[in-house]
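Spelled out, the chains give:
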Amino acid sequence: MGKKYDFKSIEAKWQKYWEENKLFKVDENPQKPKYYCLEMFPYPSGNLHMGHVRNYAIGDVIARFKHMKGFNVLHPMGWDAFGLPAENAAIKHGIHPAKWTNDNIEKMRTQLKSMGISYDWDREIATCKPDYYKFTQWMFLKLYENNLAYKEKATVNWCPSCQTVLANEQVINGACERCETTVEKKQLEQWFFKITNYAQRLLDDLEKLPGWPEKVKIMQKNWIGRSEGCEFSMHVDGADETINVFTTRPDTVFGVTYMVLAPEHPLVEKICRGKPQEAQVKDFVNKVKYISEIDRTSAEIEKEGVFTGAHAINPMNGEKVPIWIADYVLMEYGTGAIMAVPAHDQRDFDFAKKYNLPIKIVIQGENTPLDADNLTEAYTGDGKMVNSGEFNGLTVEEGKKAIIKYMEKNRIGKGAVNYRLRDWLISRQRYWGAPIPIIYCEDCKTVPVPEEDLPVLLPEDVEFKPSGESPLKYIEKFYKTSCPICGKEARRETDTMDTFVCSSWYFDRYCSPHNDDMPFTKETTDYWMPVDQYIGGIEHAILHLMYARFFTKFLYDIDMLSCEEPFTNLLTQGMVLKDGAKMSKSKGNVVSPEEIIKTYGADTARLFILFASPPERDLEWSEQGVEGAYRFLNRVWRLVTEYAEKIKAAKVPPGFEELNQATKELHFKTHFAIKKVTSDIEERFNFNTAISAIMELFNALNSYKDQSEQDLGVVKEAINNLLLLLSPFCPHICEELWQITGNNKSIYLQPWPRYNPEALVQDEIEIAVQISGKVKERIKVPANSSDEQIRQISLQNVKIQDLTKGKKIVKIIVVPQKLVNIVVK
RNA sequence: GCGGCAGUGGCGGAAUUGGCAGACGCGCUAGAUUCAGGAUCUAGUGGGAGCAAUCUCGUGGAGGUUCAAGUCCUCUCUGCCGCACCA
């Protein structure tokens, strides 16, 4: 009897071995193909959760597999270390955010290391360290230099609980992404990155990402929200004003029966001034101001509006139409003003019906009424233009082009594209972030901090207000400075940057994490970038992944990077659930990875999490499933240790011609498993089926054990391959067993096994015989049988003859190597 | 409302190109071992009928295409995710 499977000492032993021998340390090596495997770095909350375990287990299988396949694998880890929780801890418990964050990093690093992931820890980064955020500030300066960072007074999303503004992307259903507090609108002067300049490229280049899930690409596409149409101006009747409108349906411009301005539109006040409607309009504008964003944008709520008393002229036909203001027109989109065509737009239709505004049909579908009174809903389908003067008879598509052409020729308007994507608001009124490197001087105005003065250091000695207000605003020695241009006393920007700025370029930093002069060197990014495989949660589909793409494109444009897309392949892992719900403290269904690793070991935890579900799908946590994984490793341990001494001396035979049936079978199963596991990892990331193939090989070995006559060479081959195939999933136990069976070099340094096609050639194969599509018999035929021979053998089969007796055989279909279908009548 | 994904035993899931549905694991049942429990080992395990050989039904539902459908087509139900007055 051998030793029992003592995962604790085995895991500690090999983690130490890997670390001491720097097995996972990499450098650029032009002789070898590179592979950059990256998992989204965590926020150091202080506790590893199952989502992390899943994420990093997936990444580690890929990294270890690719390494054994001969790639030079970069597999780094770091910390997305700026952010609000650190500051909240400071307010609540009086711990400095830096200390809180560093303690958490220490704790989580230990937890991560106990998982045995193949990280090159020498490349570890933390975004809150001055040597990192120095370059986040550098990024800001470069964007500023290239007119892609600007400060503007705008209506912004304000979270009263977090005491800071939020980017559009961080507002979910009108509430703060972090704390779910209802977001307020505020007028503030804030810094933005001009991501909208890249809208078209961000959209177009999605095409260049075949390795991304369709779902993520669709989400980004919708978020960018490109729409094509035209912008034109309408004169205000009797005033020297024009109103620009954007429409995607210029073909319906003859059907305009009114127009609508957003209540916040700057012209509203002007055009109703002195009119009898003025008071009513003001009331309405005020009322809208106090409706929350959620209610305002809810589709359920009936549209409301008021007439301004003013009229506009339709430039195409000279018609005078009333100008309304209504809550369904948003100032943020397009020009904040629309032409209303109730006959062909459902929202306009609803509004027109409510306020008895005229409806005029200008597109005639095949079976649609011509009389607007018969219209029960807006007609938005295809058709021919009517009531549209010289444009009558054109289709919708032809009409759009013709009208735009006419407008351009007559200087009424022009073709235009609108995006839903807004510029990225990056200012945060918080302390624990990278300070925006800007100085305000009375004479020189806005002055960027010179590169050589970076980093603008966060002062450490600060006091946190219970209100959550940023202490930076009150620290004189921070904000009081001198102008870099004229030397006069000046004031520093006290806002910090959104943490998404830090995470938009960290994957570049991993390539040369210790460089002091540059965020990264081109030599290293030219070798490593782009990331070959990126793995993380779907919740970053828009935010992080779009910002990172934007940064990469910008860095490409300023010649810092040679790639335009940062992540070639993206794997979005599903959530880890318990009792059908996401694990959360409030639900009390959290399973702690630390506990699981303590009880069963990292190999078991990894095996279970990879086996339970394919990576993209949600995974239901099961204690019994974990035990099943643990049992499997124990069985592997027992079997291999039992054989260990016996197979040490055995030689894997070069040829396998002379084997008996059972041995041949084991040899076949070994090579079948190599083939299956390789393709499951490489082509499909289906780790669950790869593991089941390994289990099948184990089961074959286990039943072979009872053979009276054993070929130890074939057993050795099977065991060696079993360990090699299992090693990316459960590296510790495989290292130990690899050593016990007489190998003295780490299994990680072994080449990935290759299957021998000859071993997969079988003498006999089983063929299913169907009668009229139902399986009635299985027959064994020589593997090299022709279709005709298979056909004959099945027809001669006693059972088949019996079942077809007295029936007419209509047709026989032979599927090579698989089945025969005899169709009878 | 629009877009996407999914629905297969008691459970997690497999079936990669239209070709034997349920691999692998969990659970369960019986047996062996054990003072007992646990662990381990052996056998069985989709439903229904039958002593049995076997028959029959079966991939959310209803149709269809095909020699053959979990897989393709049409309609439909349910769940999840994203967007949501975007002009």
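Residues numbered from 1 in each chain as written. Chains lettered and ligands numbered in written order. Predicted model: local features only at pLDDT ≥ 70, side-chain atom pairs only at ≥ 80, totals over all residues. Heavy atoms only, no water.

J.: Looking at this structure, how should I read the packing of aromatic side chains?
T.: The description of an aromatic ring pair rests on the distance of the ring centres and on the angle between the ring planes. Enumeration according to the criterion identifies 50 aromatic pairs in this entry. Through successive ring pairs, a cluster of aromatic residues spans Phe-140, Tyr-144, Trp-191, Phe-193, Tyr-198, Trp-424, Phe-500, Tyr-547, Phe-550 and Phe-551. Positioned above the aromatic ring of Tyr-328 is the side chain of Lys-303, whose terminal nitrogen or guanidinium carbon lies 5.9 Å from the ring centre. Taking the ring centre of Phe-478 as reference, the NZ or CZ of Arg-492 above it sits at 5.8 Å. (Phe/Tyr/Trp six-rings, centres within 6.5 Å; stacked < 30°, edge-to-face > 60°. Lys NZ or Arg CZ within 6 Å of the ring centre and 35° of its normal.)

J.: Where do I start with the sheet that holds strand 29 (residues 581-582) in this structure?
T.: Within a sheet, adjacent strands bond to each other through the backbone by hydrogen bonds, running parallel or antiparallel. The strand order across the open sheet built from three strands is 29-28-30, with neighbouring strands paired in mixed fashion. Only two strands of the sheet have a single partner each, and these edge strands are strand 29 and strand 30 (619-620). Where strand 28 (residues 576-578) lies against strand 29, two bridges are found, and the strand directions are antiparallel. Within strand 29, the residue paired with Leu-577 across the bridge is Lys-582. (Pairing = 2+ DSSP bridges. Helix = DSSP H or I, 4+ residues; strand = E, 2+ residues; numbered from the N terminus.)

J.: Quick question: what am I supposed to make of the state of the cysteines here?
T.: Disulfide: a covalent bond formed between the sulfur atoms of two cysteine residues. In total, this model carries zero disulfides according to the counting rule given. The thiol of Cys-37 is not disulfide-bonded; the next cysteine sulfur, from Cys-511, is found 13 Å away. Its relative accessible area of 0% is what places Cys-37 among the buried residues. The closest cysteine sulfur to the non-disulfide-bonded Cys-128 is located on Cys-502, 9.1 Å from its own sulfur. (Disulfide = S-S within 2.5 Å. Buried < 20%, exposed > 50% of the residue type's maximum accessible area, 1.4 Å probe, protein only.)

J.: Looking at this model, I keep getting lost on the domain arrangement of chain A. Mind explaining?
T.: The figure often quoted for interface size is the accessible area lost as the parts come together. Each assigned domain of chain A is listed with its residue range as follows: domain 1 (8-127 + 503-573), domain 2 (137-194 + 423-499), domain 3 (227-418), domain 4 (623-760) and domain 5 (764-824). On a C-alpha basis, the centroid separation for the pair domain 2 and domain 4 is 58 Å. (Domains from an automatic or database assignment.)

J.: Would you mind going over the pairing of strand 14 (residues 320-326) with me for this structure?
T.: Two faces, one strand: in a regular strand the side chains alternate between the faces of the sheet. With six of its seven residues buried, strand 14 lies for the most part within the structure. Turn length for the strand 13 (residues 305-313)-strand 14 hairpin, with the two strands adjacent in sequence and antiparallel, is six residues, and the turn residue Gly-318 shows positive phi of about 75°.

J.: I keep staring at the environment of Leu-724 and nothing clicks. Help me out?
T.: Tracing the chain through its elements places Leu-724 in helix 23 (residues 712-726). For Leu-724, a relative accessible area of 8% gives the class buried. Contacts of Leu-724, omitting those with residues within four sequence positions, involve Met-68, Trp-738, Ile-747, Gln-750, Pro-751, Trp-752 and Pro-753. (Contact = heavy atoms within 4.5 Å.)

J.: It is not clear to me how the pairing of strand 27 (residues 567-573) should be interpreted in this structure. Could you clarify?
T.: Of all seven residues in strand 27, five are buried, a share of seventy percent or more. In the sheet, strand 26 (residues 531-537) pairs with strand 27 via six bridges, with the strands oriented parallel. Pairing of Gly-537 across the sheet is with Gln-573, part of strand 27. Considered for its hand, the β-α-β crossover made up of strand 26, helix 17 (residues 543-557) and strand 27 is right-handed. (Right-handed = clockwise from strand over helix to strand, strands pointing away.)

J.: Hey, could you run me through the sheet that holds strand 32 (residues 774-782) in this one?
T.: Pairing is mixed in the open sheet, where four strands are placed in the order 32-31-34-33. At either margin of the open sheet sits one strand with a lone partner, and together these are strand 32 and strand 33 (809-815). Recorded for the sheet is a direction-independent mean angle of 20° between the axes of neighbouring strands. One ladder, built from four bridges, connects strand 31 (residues 764-771) with strand 34 (residues 819-824); its direction is parallel. The residue of strand 34 that forms the bridge with Gln-770 is Asn-821. The strands touched by helix 25 (residues 787-796) within the sheet are strand 31, strand 32, strand 33 and strand 34, with strand 33 carrying the most contacts at an inclination of about 130°. (Axes fitted to C-alpha atoms, helices over the stretch in contact; angles between N-to-C directions.)

J.: I tried to follow unusual backbone geometry on my own but got confused; where do I start?
T.: The bulk of non-glycine residues show a negative phi, and the bulk of peptide bonds are trans. That bond from Leu-454 to Pro-455 is cis: its omega, 0°, falls within 30 degrees of zero. If you trace the backbone, Pro-455 turns up in the loop between strand 22 (445-448) and helix 13 (476-479). The omega angle of the peptide bond from Met-529 to Pro-530 is -5°, so this bond is cis rather than trans. Assignment of secondary structure puts Pro-530 in the loop between helix 16 (522-528) and strand 26. Positive phi, close to 65°, is recorded for Glu-180, a residue that is not glycine. With respect to the secondary-structure elements, Glu-180 resides in the loop between strand 8 (175-176) and strand 9 (184-193).

J.: What am I meant to see in the packing of helix 7 (residues 214-224) against helix 17 here?
T.: Relative orientation and spacing of two packed helices are given, respectively, by the angle between their axes and the distance between those axes. One can describe the packing of helix 7 onto helix 17 by two numbers: an axis separation of 11 Å at closest approach and a directional angle of 75°. Considering the angle they form, helix 7 stands roughly perpendicular to helix 17. Counted together, Val-216, Gln-220, Trp-223 and Ile-224 of helix 7 and Leu-545, Met-546 and Arg-549 of helix 17 form the full contact between these two elements. Among the residues forming the contact of helix 7 with helix 17, the class breakdown is five nonpolar, one polar and one charged. (Parallel < 35°, antiparallel > 145°, perpendicular 65-115°, else oblique. Nonpolar A, V, L, I, M, F, W, Y, C, P; charged D, E, K, R; others polar.)

J.: So what exactly am I meant to see when it comes to the nonpolar core here?
T.: For soluble globular proteins, nonpolar side chains are generally found buried alongside one another. In terms of nonpolar packing, the biggest core is built from 187 residues, with Tyr-36, Phe-140, Phe-193, Trp-424, Tyr-506, Trp-621 and Phe-729 touching the most fellow members. A total of eleven residues in this core trace back to one element, the largest contributor, which is helix 22 (residues 687-704). Filtering out sequence-adjacent residues up to four positions away, Tyr-36 remains in contact with Leu-74, Pro-76, Phe-507, Tyr-510, Cys-511, Trp-528, Met-529, Pro-530, Val-531, Asp-532 and Gln-533. Grouped together as the second largest cluster of nonpolar side chains are 38 residues, Val-256, Val-281, Ile-403 and Ile-404 included. (Core = buried A, V, L, I, M, F, W, Y, C linked by side-chain atoms within 4.5 Å.)

J.: Would you take a moment to explain the side chain of Gln-429 for this structure?
T.: On the secondary structure map, Gln-429 appears in the loop between strand 20 (427-428) and strand 21 (438-441). For Gln-429, the side chain forms a polar contact with the side chain of Gln-190, separated by 3.1 Å. Contact partners of Gln-429, with chain neighbours within four places excluded, come to Trp-158, Gln-163, Thr-164, Val-165, Gln-190, Ser-470 and Asp-495. (Polar contact = N/O pair within 3.5 Å; in protein donor to acceptor, adjacent residues only side chain to side chain.)

J.: Is there a simple way to think about the environment of Glu-523 in this case?
T.: Structurally, the position occupied by Glu-523 is in helix 16. Note on Glu-523: relative accessible area 62%, which makes it exposed. C-alpha of Glu-523 to C-alpha of Asp-27: the two residues are 496 residues apart in sequence and 12 Å apart in space.

J.: Before we go on, may I ask you to explain the pattern of salt bridges in this structure?
T.: Where charged atoms of side chains with opposite charge meet at close range, the side chains can pair. Using the criterion set out here, one finds 47 salt bridges in the structure. Arg-64 is the salt-bridge partner of Asp-60, the closest N and O atoms lying 2.8 Å from each other. Taken as a pair, Asp-60 and Arg-64 lie in helix 2 (residues 50-68) at a separation of four residues, close to a single helical turn. Given a relative accessible area of 0%, Asp-60 falls into the buried group. According to the relative accessible area criterion, Arg-64 is buried, its value standing at 3%. Across the pair Arg-226 and Glu-228 runs a salt bridge whose closest N-O atoms are separated by 2.7 Å. Residue classification places Arg-226 among the partly exposed positions, given a relative accessible area of 32%. (Salt bridge = Lys/Arg side-chain N within 4 Å of Asp/Glu carboxyl O.)

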